[in-house]
Amino acid sequence: LLGSLGALASTIGGVMYMHPFAGGATLLSSGSGLILYTMFVWWRDVPRESTYEGHHTKVVQLGLRYGFTLFIVSEVMFFSAFFRAFFHSPSAPTVEIGAIWPPEGIEVLDPWGIPFLNTLILLSSGA
């Protein structure tokens, strides 16, 4: 509950900060502080519960493993949908944009310039 309230406060505070509303920076920093506090307490309690208190039985460990596996699967599905939408746009341009890809007035980047360099940096950072 505290983490979700922190996420709400940081989102609203971020919007208020980007538009010149009074108190936006305060709300953003307090929301970010709540999120950091929640992360600290959560990551402090999980090893403590398992190591010192013995609460993590085999069933709890299995549940944590399944939860993390489902998180990874959801991320894979999200990025699959993202790339599917990305590659669907040029393969089937709609009538609303003139049935051409890229739409008129959009200047296309050279893929062998900055995008290629960024891809190399991204892939080499994984190594």
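Residues numbered from 1 in each chain as written. Predicted model: local features only at pLDDT ≥ 70, side-chain atom pairs only at ≥ 80, totals over all residues. Heavy atoms only, no water.

**A closer look at the UniProt feature "domain: Heme-copper oxidase subunit III family profile" (unreviewed entry) in the protein**
Here comes step 1: In the numbering used here, UniProt assigns the feature "domain: Heme-copper oxidase subunit III family profile" (unreviewed entry) to residues 1–127.
Here comes step 2: Taken end to end, residues 1–127 is 72% helix and 0% strand, and its first and last C-alpha atoms sit 37 Å apart. (UniProt positions renumbered as here; feature names shortened; annotations may be inferred. Helix = DSSP H or I, 4+ residues; strand = E, 2+ residues; numbered from the N terminus.)

**Details of helix 1 (residues 2–18)**
Here comes step 1: Look at helix 1: 24 Å from first C-alpha to last across 17 residues, which is about the 24 Å you get at 1.5 Å a residue.
Here comes step 2: Turning to helix 1, its buried residues are Gly6, Ala9, Ser10, Gly13 and Gly14. Each buried residue of helix 1 sits inside an arc of 135° when the element is viewed along its axis, so together they form one side.
Here comes step 3: On its buried face, helix 1 is in contact with helix 2 (24–51). (Expected span 1.5 Å × (residues − 1). Buried < 20%, exposed > 50% of the residue type's maximum accessible area, 1.4 Å probe, protein only. Arc of directions from axis to C-beta. Contact = heavy atoms within 4.5 Å.)

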